[in-house]
Amino acid sequence: TYLAAMIGELGVPVLILEENTLQGAQAEKIYALRDAFELRLRALVEEGIADGSIVALNGKLAVFMLLGAINFGLHFIVFSGRNPRQYWRDEETRWFLLIVAGASLLLGVGLWLAGTYQGLDTSLRYVIFQVISFITSTGFYSADYAAWPGAVALTLIILAYIGGCAGSTAGKRAGTLPLPAPA
């Protein structure tokens, strides 16, 4: 198999950074095994989608991605006091959730108006998952967002830069974002 060929006699994976390092029959053998491996993986995914064992979107996953992007100290406070309202009382978390909701609504309506999806509900379903995935830097996807309008893709990249709350597992720029001063 391809993996066995890549591991080789040493029993450890071999990483080839440049395709031109393989030559002749060795290159043909490795490329053929790689292509067969890729085709098997694609067939496995297609079969999973067809029989329902692989789904395009999972709402529970999105909730856990959001929870992972919230400060773990706040989770401790919420669970020790059994008061979920603390999430909304925390200014950083409140802004984070408002950014997720606002970006999802704005981009969902934008995709719907651009005709990317037939209904607003479908647009929102796909865009909410993508917004959460980008802002939490989890890397999941439920749609071909590269085919979306450029402004939507740019907004997703900006969301990835903003990232999650401080003290969370989410990626973000270094430090925390300045919040507006209270009025």
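Residues numbered from 1 in each chain as written. Predicted model: local features only at pLDDT ≥ 70, side-chain atom pairs only at ≥ 80, totals over all residues. Heavy atoms only, no water.

Topic: the nonpolar core
So, step 1. The biggest cluster of nonpolar side chains holds 28 residues, and the ones touching the most others in it are Phe96, Val100, Val131, Trp148 and Leu156.
So, step 2. Elements represented by at least two residues in this core include exactly α3 (59-68), α4 (72-81), α6 (91-113), α7 (120-136) and α8 (150-162).
So, step 3. The biggest single contributor to this core is α7, with seven residues.
So, step 4. Once you skip the residues sitting within four places of it in the chain, Phe96 turns out to touch Leu66, Ala69, Ile70, Ile135, Gly163, Gly164 and Cys165. (Core = buried A, V, L, I, M, F, W, Y, C linked by side-chain atoms within 4.5 Å. Buried < 20%, exposed > 50% of the residue type's maximum accessible area, 1.4 Å probe, protein only. Helix = DSSP H or I, 4+ residues; strand = E, 2+ residues; numbered from the N terminus. Contact = heavy atoms within 4.5 Å.)

A word on α7
So, step 1. The terminal C-alpha atoms of α7, which comprises 17 residues, lie 24 Å apart, in line with the 24 Å expected from a rise of 1.5 Å per residue.
So, step 2. Of the residues making up α7, those classed as buried are Ser123, Tyr126, Val127, Phe129, Gln130, Val131, Ile132, Ser133, Phe134, Ile135 and Thr136.
So, step 3. Ser137 sits one or two positions beyond α7 and adopts a positive phi of about 55°. (Expected span 1.5 Å × (residues − 1).)

Some remarks on a nonpolar patch on the surface
So, step 1. A cluster of nonpolar side chains, Val63, Phe64 and Leu67, forms an exposed patch at the surface whose accessible area comes to about 290 Å².
So, step 2. Assignment of secondary structure puts Phe64 in helix α3. (Patch = residues over 30% accessible without salt bridge, like charges linked within 9 Å, V, L, I, M, F, W, Y side chains within 5 Å. Areas by Shrake-Rupley, 256 points an atom, 1.4 Å probe, with all protein chains shown as cover. Salt bridge = Lys/Arg side-chain N within 4 Å of Asp/Glu carboxyl O.)

Comments concerning the side chain of Ser168
So, step 1. Mapping Ser168 onto the fold places it in the segment after α8.
So, step 2. The buried category is assigned to Ser168, whose relative accessible area is 15%.
So, step 3. Side-chain polar atoms of Ser168 contact the backbone oxygen of Ala69, separated by 3.4 Å.
So, step 4. Polar contacts involving the side chain of Ser168 include one to the main-chain amide nitrogen of Ala170, which spans 3.3 Å.
So, step 5. What Ser168 contacts, discounting residues up to four positions off in sequence, is Gly68, Ala69, Ile70, Asn71 and Phe72. (Polar contact = N/O pair within 3.5 Å; in protein donor to acceptor, adjacent residues only side chain to side chain.)

Some details on α6
So, step 1. In a regular helix each residue adds 1.5 Å, so 23 residues correspond to 33 Å; α6 covers 33 Å between its end C-alpha atoms and thus fits that length.
So, step 2. Of all the residues in α6, the buried ones are Thr93, Phe96, Val100, Ala103, Ser104, Leu107, Gly108 and Leu111.
So, step 3. Once α6 ends, the next one or two residues include Gly115, with phi positive near 80°.

Concerning the packing of aromatic side chains
So, step 1. Overall, the coordinates contain three aromatic pairs when judged by the stated rule.
So, step 2. Between Tyr117 and Tyr126, the aromatic rings sit 4.9 Å apart at their centres with planes inclined by 20°, giving stacked as the arrangement.
So, step 3. Both rings, one in Tyr117 and one in Trp148, keep their centres 6.3 Å apart while their planes meet at 85°; by these two values the pair is edge-to-face. With Tyr117 in the loop between α6 and α7 and Trp148 in the loop between α7 and α8, this residue pair connects regions lying 31 residues apart in the sequence.
So, step 4. Here Tyr117 falls in the buried class, since its relative accessible area comes to 16%.
So, step 5. Feature note: the residues Tyr117, Tyr126 and Trp148 constitute an aromatic cluster, connected by ring pairs.
So, step 6. The ring of Tyr126 has Arg125 lying over it, and the distance from NZ or CZ to the ring centre is 4.9 Å. (Phe/Tyr/Trp six-rings, centres within 6.5 Å; stacked < 30°, edge-to-face > 60°. Lys NZ or Arg CZ within 6 Å of the ring centre and 35° of its normal.)

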